[in-house]
Amino acid sequence: MRNLRLAVPALLVCAALSACGGQGGADGTTTPTGAAPVTSQPTPTPSDPADPADPLPTAKGPTAPPRGGPTKPPPAGDTVLTGTIQAGVEPNCLLLDGNLLIGGPRDVLKPGARVTVTGRSQPGMMTTCQQGTPFVVESARRA
């Protein structure tokens, strides 16, 4: 008798919830109350890997002008830093004058190397390195 008192309310709750799940259409499909049926899926567009607005550089081509050639001034808002790179306390973390270098060519950016980097400071960026202000490197060359 006790099992019956527990089973009946449970069955009523299940019936009520299944009735609220959707209204059946003439073709057997269900649509939530107040919602229009989906007729087509949006076509995903592939992102352009060469997007110039991408703040993190990739290793697709040369990132520094040839040595001894003319150099262009940095774009507006960019900062140029020159100094010797130091290793951070975390693996793969590189510091230059209190700035944590994010991105850039790793063949140029090595601990102990004297470099000139161009980029932007991103103080709000989260990183796994526990020191330095994040600095997104747009270009780097040996100094």
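Along each chain, residue indices are assigned from 1 in the same order as the chain's sequence is written. Reporting of local features is limited, given that this is a predicted model, to residues whose pLDDT is at least 70; pairs of side-chain atoms are given and counted only at 80 or more, and all residues count toward the totals for whole chains, interfaces and linings. Working from all heavy atoms in the structure, the side-chain values ignore hydrogens and water.

Some points on the sheet that holds strand E6 (residues 99-102)
Across a sheet, paired strands are connected by hydrogen bonds in the backbone, their directions being either parallel or antiparallel.
Logical step 1: A sheet is described by the order of its strands in space; here 6 strands give the open sequence E3-E7-E8-E6-E5-E4, paired in mixed fashion. Where the open sheet ends on each side, the last strands, each with one partner, are strand E3 (79-84) and strand E4 (86-87).
Logical step 2: At least two DSSP bridges between two strands are needed for those strands to be called paired. Put simply, DSSP H or I for four residues or longer makes a helix, DSSP E for two residues or longer makes a strand, and each gets a number counted from the N terminus. Note that strand E5 (residues 94-96) and E6 share 2 bridges and pair antiparallel. Paired with Leu-96 across the two strands is Asn-99, which belongs to E6.

Digging into the confidence of the model for the chain
Logical step 1: pLDDT measures how confident the predictor is about each residue, on a scale from 0 to 100. The share of residues in the chain with pLDDT of 70 or more is 54%, and the mean pLDDT across the chain is 74.
Logical step 2: Taken together, the stretch residues 48-52 has pLDDT below 50 and engages in 2 contacts with residues farther than four places along the chain or on a different chain. Contacts are assigned to residue pairs that have any heavy atoms within 4.5 Å of one another.

What about the state of the cysteines?
Logical step 1: Two cysteine sulfurs form what is called a disulfide whenever their separation falls within 2.5 Å. Applying the stated criterion across every chain yields a total of 1 disulfide.
Logical step 2: A sulfur-sulfur distance of 1.7 Å marks the disulfide that ties Cys-93 to Cys-129. Measuring the twist about the S-S bond at about -85°, one finds the Cys-93-Cys-129 disulfide to be left-handed. Here the residue Cys-93 occupies a position in the loop between E4 and E5, and Cys-129 occupies one in the loop between strand E7 (114-121) and strand E8 (133-142), the gap between them amounting to 36 residues.

Focus on the side chain of Asp-78
Logical step 1: With respect to the helices and strands, Asp-78 occurs in the loop between strand E2 (30-31) and E3.
Logical step 2: A distance of 2.8 Å separates the side chain of Asp-78 from the side chain of Arg-120, its partner in a polar contact.
Logical step 3: Sequence-distant contacts of Asp-78, defined by excluding residues within four places in its chain, comprise Thr-118, Gly-119, Arg-120 and Glu-138. Two N or O atoms count as a polar contact when they lie within 3.5 Å, although within protein this holds only if one can serve as hydrogen donor and the other as acceptor, and sequence-adjacent residues are included solely when both atoms are side-chain atoms.

Focus: unusual backbone geometry
Excluding glycine, residues mostly have negative phi values, and the peptide bonds linking residues are mostly trans.
Logical step 1: Located in the positive-phi region is Asn-92, a residue other than glycine, with phi close to 65°.
Logical step 2: As for its position among the elements, Asn-92 is in the loop between E4 and E5.
Logical step 3: The cut-offs for exposure are 20% and 50% of the maximum accessible area for each residue type, with area from a 1.4 Å probe on protein chains only; residues under the lower value are buried, those over the upper are exposed, and the others partly exposed. Judged by relative accessible area, which is 74%, Asn-92 ranks as exposed.

Section: the pattern of salt bridges
Logical step 1: Salt bridge criterion: a side-chain nitrogen from Lys or Arg within 4 Å of a carboxyl oxygen from Asp or Glu. In total, this model carries 2 salt bridges according to the counting rule given.
Logical step 2: The partner of Asp-78 in a salt bridge is Arg-120, and the shortest N-O contact between them spans 2.8 Å. Taken as a pair, Asp-78 in the loop between E2 and E3 and Arg-120 in strand E7 lie far apart in primary sequence, 42 residues in all.
Logical step 3: With relative accessibility at 12%, the residue Asp-78 sits in the buried group.
Logical step 4: A relative accessible area of 35% places Arg-120 in the partly exposed class.
Logical step 5: Arg-120 serves as the salt-bridge partner of Glu-138, at 3.6 Å between the closest nitrogen and oxygen. Linking Glu-138 in strand E8 with Arg-120 in strand E7, this pair joins segments that are 18 residues apart in sequence.
Logical step 6: Several salt bridges share partner residues, and in doing so they unite Asp-78, Arg-120 and Glu-138 into one network.

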